[in-house]
Amino acid sequence: MPYEDMPDIRLRPCEARDIAAVQAIYADAVLTGLASFELEAPTVEEMQARWTKITAAGFPFLVAERGGELSGFAYAAAYRERPAYAGTVEDSVYVDRRHRGAGIGRMLLAEVIAHCETGGFRQMIAVIGDSGNAGSVALHQRLGFDHVGTFRSVGWKHGRWLDTVLMQRSLGAGDTAPPQI
Ligand SMILES: CC(C)(COP(=O)(O)OP(=O)(O)OC[C@H]1O[C@@H](n2cnc3c(N)ncnc32)[C@H](O)[C@@H]1OP(=O)(O)O)[C@@H](O)C(=O)NCCC(=O)NCCS
């Protein structure tokens, strides 16, 4: 569905007043799902610190509102800290379970990709927990990510081994030009 057919969904930069709702969405995913390899949900204060660090570094951190309710968030952050990785980002996207399947994840991630392309980054990596995460794999495929590989049984959560699925997408000029950060 094209975005213009979803007029009740609005994207905007995350603000300090949104952090409690962002934390609630993420905490549910941490405690009940397999996408995040965290075992304990971060506090609102910790989530605020992460948001501050990400945005201070110039990365996009967006939220989606649906019918006025905060229904999802997505951001990009450094893939790795060592300087040669500076042109590569890793994405994160989480949608409130009550709003999944409505196109919100696609809208959020597409906008994060657009911001990162404008920002001069050249590659985006998705580290998806677990192999059974059909929604995240489908979302990333839909937005042009290729499957790169799967690390088998690298996480232990909820009493079972978890894989990570690695997916990758070029941004802008990709590897035909240096990063412009
Ligand atoms: C993964 C997630 C962000 C997707 O967001 P969403 O708003 O539900 O996804 P969308 O409605 O935008 O769907 C995007 C595409 O994926 C497909 N899709 C979504 N959920 C799916 C599922 N469970 N199984 C198969 N395909 C699915 C949709 O059909 C759509 O494809 P289309 O545009 O070709 O129709 C959301 O399910 C979520 O928050 N999951 C838990 C946390 C998580 O896994 N985050 C990703 C961390 S890497």
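Above: the structure in question.
Cut-offs used in this document
- Sequence positions are assigned chain by chain, starting from 1 and proceeding in written order.
- Given that this is a predicted model, residues contribute local features only at a pLDDT of at least 70 and side-chain atom pairs are listed and counted only at 80 or more, while totals for whole chains, interfaces and linings are drawn from all residues.
- Neither water nor hydrogens contribute to the side-chain values; these are computed over all heavy atoms in the structure.
- We call Phe, Tyr and Trp rings a pair once their centres come within 6.5 Å, taking the six-membered ring for Trp, and we label the pair stacked below 30 degrees between planes, edge-to-face above 60, and tilted otherwise.
- The secondary structure listing takes helices from DSSP runs of H or I that are at least 4 residues long and strands from runs of E that are at least 2 residues long, numbered from the N terminus.
- In this text, near means that some heavy atom of the residue lies within 4 Å of the molecule or strand in question.
- Counting of polar contacts relies on pairs of N or O atoms within 3.5 Å, with two restrictions inside protein: one atom must be capable of donating a hydrogen and the other of accepting it, and residues adjacent in sequence are counted only when both atoms are side-chain atoms.
- With a 1.4 Å probe rolled over the protein chains alone, any residue whose accessible area is under 20% of its type maximum counts as buried; one over 50% counts as exposed, and the rest are partly exposed.
- For this quantity, the arc is that covered by the directions from the helix axis to the C-beta atoms.
- Working rule for contacts: check all heavy atoms of both residues, and any pair within 4.5 Å makes them a contact.
- The definition of a nonpolar core used throughout is a set of buried Ala, Val, Leu, Ile, Met, Phe, Trp, Tyr and Cys residues joined through side-chain atoms within 4.5 Å.
- Axis lines are fitted through C-alpha atoms, for helices just across the contact stretch, and the angle between N-to-C directions can take any value from 0 to 180 degrees.
- Every angle not falling under 35 degrees, over 145, or within 65 to 115 is termed oblique; those three ranges are roughly parallel, roughly antiparallel and roughly perpendicular.
- Residues are grouped as follows: Ala, Val, Leu, Ile, Met, Phe, Trp, Tyr, Cys and Pro are nonpolar; Asp, Glu, Lys and Arg are charged; every other residue, Gly included, is polar.
- For two strands to pair, DSSP has to find at least two bridges joining them.

Comments concerning the packing of aromatic side chains
Scanning all chains against the criterion turns up 8 aromatic pairs. Residues Phe 61 and Phe 73 carry aromatic rings whose centres are separated by 6.0 Å and whose planes lie at 20° to one another, so their mutual orientation is stacked. Pair noted here: Phe 61 is in strand β2 (residues 61-66) and Phe 73 is in strand β3 (residues 69-78), with a separation of 12 residues, a long-range link. Geometrically, the ring pair formed by Trp 156 and Trp 161 is edge-to-face, given 5.2 Å between the ring centres and 65° between the ring planes. Here a set of aromatic residues connected by ring pairs shows up, and it is made of Tyr 26, Phe 61, Phe 73, Tyr 75 and Tyr 94.

Quick notes on the site of the ligand
Taken together, 19 residues lie around the ligand, and Val 93, Gly 101, Gly 103, Gly 105 and Arg 142 are the ones closest in. Between the ligand and Val 95, the relevant distance is 2.8 Å, taken from an oxygen atom to a main-chain nitrogen or oxygen of the residue. At a separation of 2.9 Å, an oxygen atom of the ligand approaches a polar backbone atom of Arg 106. Sorting the residues of the shell around the ligand by element identifies β4 (88-95), α3 (104-118) and α4 (134-142) as the ones contributing at least two each.

Thoughts on α4
Here α4 has its buried residues at Ser 136, Val 137, Leu 139 and His 140. Seen along its axis, α4 keeps its buried residues to an arc of 160°; they face one direction. Along α4, the residues that are exposed and aim more than 90 degrees away from the buried face are Ala 134, Gly 135, Gln 141 and Arg 142. Along its buried surface, α4 packs onto β4, α3, β5 (123-129) and β7 (160-170). Of the residues flanking the end of α4, it is Gly 144, one or two places downstream, whose phi is positive at about 95°.

Focus on the nonpolar core
Nonpolar side chains tend to gather and get buried jointly when the protein is soluble and globular. The biggest cluster of nonpolar side chains holds 46 residues, and the ones touching the most others in it are Val 22, Phe 61, Phe 73, Val 89, Cys 116, Met 124 and Phe 145. For this core, the leading source of residues is α3, giving 8 residues. Setting aside chain neighbours within four positions, we find Phe 145 in contact with Asp 91, Leu 109, Ile 113, Met 124, Ile 125, Ala 126, His 140, Met 167, Gln 168 and Arg 169.

Focus on the packing of helix α1 (residues 19-32) against helix α2 (residues 44-56)
Contact pair α1 / α2: the axes reach a minimum separation of 9 Å and the direction vectors enclose 105°. Comparing their axes, α2 and α1 come out roughly perpendicular. Taken together, the residues of α2 that come into contact with α1 (itself represented by Ile 19, Ala 20, Val 22, Gln 23 and Tyr 26) are Val 44, Met 47, Gln 48, Arg 50 and Trp 51. Partitioning the contact of α1 with α2 into residue classes produces 7 nonpolar, 2 polar and 1 charged.

A closer look at the sheet that holds β7
Across the sheet, which stays open at both edges, the 7 strands sit in the order β1-β2-β3-β4-β5-β7-β6 with mixed pairing between neighbours. Edge strands, defined here as strands with exactly one partner in the open sheet, are β1 (9-13) and β6 (146-157). For this sheet, the mean angle separating the axes of adjacent strands, direction not counted, is 25°. Summarising the sheet, β6 and β7 pair through 8 bridges and their orientation is antiparallel. Within the sheet, the bridge partner assigned to Gly 155 lies in β7 and is Leu 162.

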